[in-house]
Structures are given as C-alpha cells and as structure tokens.
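The chain contents come next:
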Amino acid sequence: MSTFLWVIFPYLCLAVFVVGHWWRYKYDKFGWTTRSSQLYEDNLLKWGSPLFHFGMLGVVGGHIIGLLLPKGWTDAIGISEETYHAFALGGGLVAGAMTFVGLVMLIYRRRTVRPVFKATTPMDKVMYLFLAGVILLGCWNTVASVIFDSHFNYRESVSPWFRQIFWFQPDASLMTGAPLGFQAHALLAFALFALWPFTRLVHVFSAPVGYLTRPYIVYRSRGSKVQDGLGNRSGSPTWERPSLDDAKR
Amino acid sequence: MRVMAQMAMVMNLDKCIGCHTCSVTCKQAWTNRNGMEYVWFNNVETRPGLGYPRRWQDQEEWKGGWTLKNGHLQLKTGGRLQKLLNIFSNPKMPGMDDYYEPWTYDYETLLNAPLQKNFPVAQPHSLITGKTMNVKWSANWDDDLGGAQEYAPKDPMLKGIEDKVKFEFEKTFMFYLPRICEHCLNPACAASCPSGAIYKREEDGIVLVDQDKCRGWRMCVSGCPYKKVYFNHKTGKAEKCTFCYPRIEVGIPTVCSETCVGRLRYIGIILYDPDKVLAAASVEDDQALYEAQLGCFLDPFDPEVQRAAEQQGIPMDWMEAARKSPVRRLIQDYKVALPLHPEYRTMPMVWYVPPLSPVVDVVKDTGHDAEEMGNLFGAIDALRIPVEYLAGLFTAGDIEPVNGVLRKLAAMRSYMRDINLGRDPDASIPEAVGMGEEEMYEMFRLLAIAKYNERYVIPTAHAEQAHRLEEIGTDCAVSAYDHSGDAEPFGVGSGPEVRIAVEDLRIRTARMKDDA
Ligand code: SF4
Ligand code: SF4
C-alpha cells in the first residue's frame, strides 16, 4: 500500500501532468487562457485576486526552498535549524494567510456573484475543491506545528522523499512516518498535479515574463507557407522581425 | 528609408446620418456570438455625448495610450514591470457597466399569450445573468441627444469649454462619430499585451489578436485609448476589429464601408516609414502630433520612394494602389482628413473629414446664404464652440488645422454652387484656401460623387497567395461558432480549431462592383 501511495501514485500523477500539458497545448491552444472574470465584477476581485496570487507566489517560493534545498546545504552555510525554522514559519504564515484570505474571497465571489457563478464550469468546481483542499491542509500543517509545538521535521523526511522522486528512487518509508496532515497534503497535491492540465490552471505556464524583454510592437507577416496558418492564426513564433526596436524599451 | 504599406480609412463626417447600419452589419458579421454580446467593433456616437464605453476619452481616468516621460515614450499605465505586477487585477479595466449590460427580450410571452384584456409585454432579460433587468444604458443611449443637459456636461471633450457652451452658444450642435479600431502605427494595445499576441501585419498594417496566443491578461483592453479591444467573457480572449481582413485580402472593402448608407467611408493604402514612427510619436507638443504623423507618410510618386519600395518587395499593384489611394489624397494631398485624438500618440490610421454642417446649420438658421464663402468663413471664425470641440477631437485642441479644413470645405461648397447653377466658376474661391480649380473639383468629386472603385482602392493580397486565401476556407478565430452551451471540455470555444469556409468572394466582388 505504501508503495502505491508514495511511489506509484506520484509517478502516475506526474505522468498525467506532463503528457496532459503536451496534449492540451496541441489540442486546445484556443482554450489556454486565464478565463478572467474581471469584466463581471471588480470590487472583490481587486483585493482577492492579488492577495491569492501573490500569496501563492510566496507559497511556491517557500516550497522550493523547503522541498528542493537539502538540509545539508543550509547547514553548510551556517544557517541553524532554529533560524531556518523561524524564517520558514514566518514566511509561511504570511504567504499562507494571504493565500487563504484571497482564496476565501475568490470562492465567495464565485459563488455569490451570479455572472461569475454562471461562467464557472464543472471542471472549475472540481479544481477549486482540490486546490482549496491542498491549501487548507498546507495551512493546517503550518499552524498545527505552532499550536502543538511539534518536532516533526519535514526536511528530514518529506523533502528527501520528494527529491528522490526526481532521481527515480523514492523511498516510501520516509513518508509513512510523517503526520497525517503532511501525508494528505502531499497526496492531494499530486492529485491536483494530475488535474492541472485539464483546468484553467494551465495559465500558470503562460506567465508572461518574456514581456520584460520583447520589443513593444510586434510585426508579423501574413505568412507565405500554407502551414503557417491562415489569417490571424499562425504557427510561427509571435515576433519574427521586431523592428520598432528596443529603442522603445 | 524603409517603406511599409498601411491599409487606412477616412470617414467624411458631414455625410454620416447616424443610421447605425455600419454597426449592425459589423455586429452581424463579427460579434453576434456568445461572450461578445456587449461588443461593437464599429459603433456610432453622437457628439457631444459620452460615447461607448462611457467617457472613453477621459485618459486621466482610463490611462490608455502613450505618454511622454522624460522625453521617452511610455505606456500611460506605466512600465513593463508595473504592468506585470497588475496582472492579477487590471486596475484600469472597464467593467461591464461602463459598456452596458446586454439584454434580449423574452418574446415567448408575446407569442404564447392567451387572449386577454391588456397587451402582453416582452420583458428585457440580461444576457449575462439571465434574469429580468431594467435597461439603463446601452452602446448608444444618448443617441441624437447631442446637447441634452443630462449627458453633454459629462462629455470629457467639453472640459474647459463647458461655460462657453452654455452662455455663448445656446444653439446646440451635433454630429455623429462612427468609430472602429484605428489600426495604429504605434498600437498601444500591442505594446500592452504581455503575451505578445497582438501584432501588426507587415503587409498591410492591420492589427490583429492571435487567438491562440492570447492568454486573457486584459492589458490590451486598458492599453488601447480608443477602447477598441474587447474581452470575450466566454472564451476568455481579447477580440478586436479585424479591418475585415478576409475581405480586404481579396480586394473588397470592410463590411462597415460596404454597407455605409452615406457612402462616406474611403479605404486605401498609405505608405509610411516605420523608422520615423517612434520619433514622430515622441514629439513634445501634443498639437504637433498631427504634423508629425503626416511626416511619417511617404509619397508614392517620389522616385526614391518607388525604388525603396521595390527593393523591399512591395508589389507593383500595391504601389499603383497607393498612388490612386483616396485615403492618401484626402490625408496627404488635400489635407482635409484629420486623425482622431493624435494626442494619444498611437498614430491612428482611421482619419476623419470634420463636419462643416454645425457651421452651415447656424448660418442657415440665421437666414443668411449658407453657400456663400464669405458667410461661411465668417461663421467658422465666429463659431468658436463647434470648432474648438472638433479641434479637441482631431488636433489635440489646435484650432488652426480644423479651421483650415472647414474653410476648404466651405470654399468647395461655394465653388460648386456656381458650377451647378451654370454660372462661371470663380477661380478666386479655391485660391482663397490655397487650392487650384482642378484640384478643388477633384476633391469635390471624391467627397461627393466618387464611385465604388474610387472610394475603395484595395489591392488584393499577393497574387501568388490569393488562391490560398480564397474559398479553401479561412479558419475562424473563434471556433465556438455558437455551440451555445458550455459543452466544450475546458470552457467555451476550447478544443481543436474548426475550419469554416467563407463564401466565394470573387463572385461577390464582381456583384458589388457592378455599380462602378
Ligand atoms: S485603436 Fe486599434 S490598433 Fe490602436 S491601440 Fe486601439 S486596438 Fe490597438
Ligand atoms: S452606415 Fe454610414 S451613415 Fe450610417 S451611421 Fe454608419 S457611417 Fe454613418
């Protein structure tokens, strides 16, 4: 059983995640969007959305540090366990609280503002369920560690296990000893990864960082090869011959 | 010198009767879909008035277009980083209320009503919530109410002259302003798009949204000062006027032009030098922008321009079209067309011949001869309000160019009267506005009686590509051609692209050109 939960299931989910994205991009470029509902309602969104998204960026950053950086490394540069813990807890609480408040506002908005609710697909609802579950469990794990003053150190069990997944040698026993909250958080998160390509969450991978460097005005030729696509759809890269140059910054 | 061709339009506002035919046909062609109910790629506004979306011209509020900061051109909403930081909630995005909440009527009740004493009523239902609603605003709610006290004072273009409007000029004036996307040389929508999905076509300058690359960040909606990019709330993608490119490519005019009752729209090519655009858009003085933009345009009769164009692969038929272009003549030769809000610094390419009618009407009302040049010139000078208002629209408030255009139109009116009445034409009239007799007559022909082929000089897309553009089927940008429900797996319109065939445009073209 533990092999299934901590070895097979994660790989299944990751496989679906990767293949799913590839398939979705090929099959459905047109559906690849944030599906913003700002046009319908702005007052709640104005607060909820930035809180949630910026909180989420913090959360992701925290997970990268917590999961991907081996404990040995922080030890090596002289960051003590206490310092690390205090830092992680502080950051985690702030980011978690932002995300949580944002999420509550957004879900409330989605349910009560009629046009927004009408624009919610069944897939959205499933996605919200998993997303909220993962976030709530994550918050709970952080808060619980404070309340019960637990000495469970995820950096000695969950994190190595997570890294091992990428070396293809996950050791299930590392997870079996983790508190239930952590186990559930991890499992649900993997389930969310499996759902990911089939939801609006794909927009995460469109984060437009390229905007910072590309020329302002994009020129594109109508295209002369048939496979270039016709009219305003095209298979070619978005900006081929930038011309009103970088002078514009 | 680099030479690029731009498909451009000029509208002669004197002839617009505000019938909204253009809006309706455009809507039927492009935006009669779910998610686009509130969208009018072409709309006709009564001026003075609020426009659509309401008060779109108030850039202090909407922050559309470009601005100069320390001599550098910058998007008015701020730099790139600022844009990205605002990506989760666009602070300047108009809401549905700023456009209007679209509705339909429940006609069923009329059809199914039993015999009864009172006439049954069809109630308006919101197309957004599905509930019954009170209709409070629309895309042209203040239609024909030009001077109405309730709306006119809220017109952002009357800021600063509202007192004069009330005291000096009790006689109201009114005209119509049809608007489409300007297909700007320096499009702020494209510059605002984080995904780089909005692009300007190299061949004809038409600005389009790549529906596959758009990710729904909505920055173009707020970036465009003319508010001519719209968010499809069903598909989550931005959509905008396409200049009917599938029609243009086969040499026929846009739907709005084709169906214009007043025959007031002109389509043609203008040549310009893209390397001059940035400098022109960055001139210090707002009122110098009109001249600066004129300075970007190239003369297709100039041998040097011809050589450069040839080197850069602009086909011969396009050069020929550029020489014949009615748009070029109105903008560059006669200089009677002016850009809409040059101060937004996007270098718009749909220009307008400002209306002389507010002036003519006043002269007529006072019992004077409204076709006599002296009377008209006097009125143009005296009627500060309409002229200032027009200047606010077309020249960032500089009345000189507007005056110049109105004088030319007034002179043309007087000059042609003599001819129509069989009197000897008076050469001093065109001379008074710096034109030759023949030139004035040609201008009259173009503005008043030009046939289809003269109003629309549209070279087809490259011959060697044409077979591909026609009939094979243009893929529809929005594959959700009303599968009405939300049956698609990931929201409306998701899924593989659906190809639909367009009509045989060649046959239609022949039919349309029959009158010429
Ligand atoms: S008018 Fe058209 S081309 Fe110009 S900024 Fe607006 S949408 Fe873009
Ligand atoms: S169809 Fe022509 S005359 Fe009628 S509103 Fe449109 S531009 Fe004006």
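These numbers were taken from a predicted model, which means no experiment stands behind them.

Rules used in this analysis
Residues numbered from 1 in each chain as written. Chains lettered and ligands numbered in written order. Predicted model: local features only at pLDDT ≥ 70, side-chain atom pairs only at ≥ 80, totals over all residues. Heavy atoms only, no water. Helix = DSSP H or I, 4+ residues; strand = E, 2+ residues; numbered from the N terminus. Buried < 20%, exposed > 50% of the residue type's maximum accessible area, 1.4 Å probe, protein only. Contact = heavy atoms within 4.5 Å. Near = heavy atom within 4 Å. Nonpolar A, V, L, I, M, F, W, Y, C, P; charged D, E, K, R; others polar. Salt bridge = Lys/Arg side-chain N within 4 Å of Asp/Glu carboxyl O. UniProt positions renumbered as here; feature names shortened; annotations may be inferred. Polar contact = N/O pair within 3.5 Å; in protein donor to acceptor, adjacent residues only side chain to side chain. pLDDT = per-residue confidence, 0-100. Arc of directions from axis to C-beta. Pairing = 2+ DSSP bridges. Core = buried A, V, L, I, M, F, W, Y, C linked by side-chain atoms within 4.5 Å. Domains from an automatic or database assignment. Axes fitted to C-alpha atoms, helices over the stretch in contact; angles between N-to-C directions. Parallel < 35°, antiparallel > 145°, perpendicular 65-115°, else oblique. Left-handed = near helix turned anticlockwise from the far one by under 90°. Phe/Tyr/Trp six-rings, centres within 6.5 Å; stacked < 30°, edge-to-face > 60°. Buried area = accessible area lost by both parts, 1.4 Å probe.

K.L.:
Account for the overall build of chain A, naming residues and giving values.
P.N.:
Across its full length, chain A holds nine helices and one strand. Counting helices and strands in the order they occur from the N terminus, chain A gives α-α-α-α-α-α-α-α-α-β. The 249 residues of chain A split such that 47% are buried. Contacts in chain A between residues far apart in sequence, at least 24 positions, make up 76% of those at least 6 positions apart.

K.L.:
Break down the site of ligand 1 for me, with residues and values.
P.N.:
Taken together, Cys-181, Glu-182, His-183, Cys-184, Pro-187, Ala-188, Cys-189, Val-207, Cys-224, Tyr-226, Val-229 and Lys-240 of chain B form the complete shell of residues around ligand 1. Its residues placed into classes, the shell around ligand 1 shows nine nonpolar, one polar and two charged.

K.L.:
Quick one: what's the story with the pattern of salt bridges, residue by residue and with numbers?
P.N.:
Two side chains of opposite charge can pair, provided their charged atoms sit close to one another. All told, the structure shown has 30 salt bridges over all chains when counted by the stated rule. A salt bridge links Asp-210 of chain B to Lys-213 of chain B, with the shortest nitrogen-to-oxygen separation between them at 4.0 Å. Each member of the pair, Asp-210 of chain B as well as Lys-213 of chain B, carries the same accessibility label: buried. Several salt bridges share partner residues, and in doing so they unite Lys-71, Asp-75, Glu-81, Arg-155 and Glu-156 of chain A into one network.

K.L.:
Could you give an account of the UniProt feature "binding site: heme b" (unreviewed entry) in chain A, naming the residues involved and the relevant values?
P.N.:
As annotated in UniProt, the feature "binding site: heme b" (unreviewed entry) corresponds to His-53, His-63, His-185 and His-203 of chain A in the numbering used here. Their sequence span is 151 residues, while the largest C-alpha to C-alpha distance among them is 22.7 Å; these annotated residues do not converge on one region. Mapped onto the elements of the fold, His-53 of chain A is located in helix H2 (residues 43-68). Each residue touching His-53 of chain A, except ones within four places of it in the same chain, is listed here: His-203 of chain A together with Phe-88 of chain B. Secondary-structure assignment places His-63 of chain A in helix H2. The class of His-63 of chain A is partly exposed, set by a relative accessible area of 38%. In this view, His-63 of chain A contacts Leu-68 and His-185 of chain A; residues no more than four positions away in its chain are not counted. At a separation of 2.9 Å, a polar atom in the side chain of His-63 of chain A contacts the main-chain carbonyl oxygen of Val-59 of chain A.

K.L.:
Give me the lowdown on the site of ligand 2, citing residues and values where you can.
P.N.:
Close to ligand 2 lie 14 residues, the nearest being Cys-16, Cys-19, His-20, Cys-22 and Cys-260 of chain B. The residue makeup of the shell around ligand 2, split by class, is nine nonpolar, four polar and one charged.

K.L.:
Please set out the confidence of the model for chain B residue by residue, giving values where relevant.
P.N.:
On average, residues of chain B score 88 in pLDDT, and 86% of them reach the 70 mark or higher. pLDDT under 50 marks residues 466-486 of chain B. Its contacts with residues more than four places away, or in other chains, come to 60 contacts.

K.L.:
Go over helix H17 (residues 373-382) of chain B with me, naming the residues and quoting the values.
P.N.:
All names here are of chain B. Where H17 is concerned, the buried positions are Met-373, Leu-376, Phe-377, Ala-379 and Ile-380. Considered in projection along H17, the buried side chains sweep an arc of 165° and stay on one side of the axis. Structurally, H17 contributes buried residues whose contacts are with helix H16 (357-365), helix H18 (384-394), helix H19 (399-420) and helix H20 (428-432).

K.L.:
Talk me through the pairing of strand E2 (residues 43-47) of chain B; I want residue IDs and the actual numbers.
P.N.:
By the criterion of burial, E2 of chain B is predominantly enclosed, with five of the five residues buried. Taking every second residue as pointing to the same face, both faces of E2 of chain B are buried, with Asn-43, Glu-45 and Arg-47 of chain B on one and Val-44 and Thr-46 of chain B on the other.

K.L.:
Residue-level account of the sheet that holds strand E8 (residues 198-201) of chain B, with values.
P.N.:
Taken in spatial order, the three strands line up as E1(A)-E8(B)-E9(B) in an open sheet, and their pairing is mixed. Unpaired on one side and paired on the other, strand E1 (219-220) of chain A together with strand E9 (207-209) of chain B mark the two borders of the sheet. The pairing of E8 of chain B with E9 of chain B spans three bridges and is classified as antiparallel. Directly across from Lys-200 of chain B, in E9 of chain B, lies its bridge partner Val-207 of chain B.

K.L.:
Tell me about the nonpolar core, and please be specific about residues and values.
P.N.:
Within the largest apolar cluster, 168 residues are counted, with the highest numbers of intra-cluster contacts made by Tyr-38 and Phe-297 of chain B. The dominant element in this core, judged by the number of residues it contributes, is H19 of chain B, at 10 residues. Each of domain 1 (4-100 + 138-288 + 296-323) and domain 3 (354-450) of chain B contributes no fewer than three residues to this core. The contacts of Phe-297 of chain B, once residues within four sequence positions are left out, are Leu-185, Ile-270, Leu-271, Tyr-272, Ile-331, Gln-332, Met-349 and Trp-351 of chain B. Among the nonpolar cores identified, the runner-up in size contains 17 residues, and Cys-13, Trp-161, Ala-172 and Ala-186 of chain A belong to it.

K.L.:
So what's going on with the packing of helix H1 (residues 2-27) of chain A against helix H7 (residues 158-167) of chain A? Residues and values would help.
P.N.:
Residues and elements named next belong to chain A. Between H1 and H7, the shortest axis-to-axis distance is 11 Å and the interhelical angle comes to 60°. Classified by the angle between their axes, H1 and H7 sit oblique to one another. Between H1 and H7 the crossing geometry is right-handed. Here Trp-6, Pro-10, Tyr-11 and Leu-14 of H1 come into contact with H7, specifically with Trp-161, Gln-164 and Ile-165. Taken together, the residues of the contact of H1 with H7 break down into six nonpolar, one polar and no charged.

K.L.:
Quick rundown of the packing of aromatic side chains? Include the residues and the values.
P.N.:
The final tally for this structure, using the stated rule, is 38 aromatic pairs over all chains. Considering the side-chain rings of Phe-4 of chain A and Phe-9 of chain A, the 6.3 Å spacing of their centres and the 45° angle between planes classify their relative orientation as tilted. A relative accessible area of 37% places Phe-4 of chain A in the partly exposed class. Ring geometry for Tyr-52 of chain B versus Tyr-99 of chain B: centroids 5.8 Å apart, planes at 65°, classification edge-to-face. Here Tyr-52 of chain B is found in the loop between E2 and helix H2 (59-62), whereas its partner Tyr-99 of chain B is found in helix H4 (residues 96-99), with 47 residues between them in sequence.

K.L.:
Run through the domain arrangement of chain B, naming residues and quoting values.
P.N.:
Residues and elements named next belong to chain B. One can read the domain layout of chain B as domain 1 (4-100 + 138-288 + 296-323), domain 2 (103-136 + 482-515) and domain 3 (354-450). Computed from C-alpha atoms alone, the centre-to-centre distance between domain 1 and domain 3 is 27 Å. Across the boundary between the two partners, domain 1 contributes 21 residues, which contact 23 residues of domain 3. When domain 1 packs against domain 3, close to 1900 Å² is buried across both sides, 68% of that on carbon and sulfur atoms. For the interface between domain 1 and domain 3, the tally reads zero salt bridges. For the interface between domain 1 and domain 3, the tally reads nine residue pairs in polar contact (both at pLDDT 80 or more). For the side of domain 1 that touches domain 3, the secondary structure elements donating two or more residues are helix H6 (162-167) and strand E7 (175-179). When grouped by side-chain class, the residues that make up the side of domain 1 that touches domain 3 number 11 nonpolar, four polar and six charged.

K.L.:
Now, about the UniProt feature "transmembrane region" (unreviewed entry) in chain A: what can you tell me, with residues and values included?
P.N.:
Residues and elements named next belong to chain A. Per the UniProt record, the feature "transmembrane region" (unreviewed entry) sits at residues 6-23, 44-66, 86-108, 128-148 and 180-198. This span, residues 44-66, is 100% helix and 0% strand, and a straight line between its end C-alpha atoms measures 32 Å. The straight-line gap between the two end C-alpha atoms of residues 128-148 is 29 Å; of that span, 95% is helix and 0% is strand.

K.L.:
How would you summarise the pairing of strand E4 (residues 72-75) of chain B if you had to cite specific residues and measurements?
P.N.:
Residue and element names in this part refer to chain B. Side-chain alternation along E4 places Leu-73 and Leu-75 on a buried face and His-72 and Gln-74 on a face that remains uncovered. By the bridge criterion, four bridges tie strand E3 (residues 66-69) to E4 in an arrangement that is antiparallel. Residue pairing in the sheet places Leu-68 in a bridge with Leu-73 of E4. Where E3 folds back on E4, the antiparallel hairpin that results is connected by two residues, among which Asn-70 adopts a positive phi of roughly 50°.

K.L.:
Describe unusual backbone geometry, and please don't skip the residues or the numbers.
P.N.:
Residue and element names in this part refer to chain B. Of note, the amide linkage connecting Arg-47 to Pro-48 takes the cis form, showing an omega dihedral of -5°. Within the secondary structure, Pro-48 is located in the loop between E2 and H2. With a phi close to 65°, His-20 is a non-glycine residue in the positive phi region. Inspection of the secondary structure assignment puts His-20 in the loop between strand E1 (4-12) and helix H1 (21-31). For His-20, a relative accessible area of 13% puts it in the buried group. Notably, Arg-55 is not glycine yet its phi reads approximately 55°, a positive angle. Take Arg-55: it is sitting in the loop between E2 and H2. On the basis of relative accessibility, which here comes to 29%, the residue Arg-55 falls in the partly exposed class.

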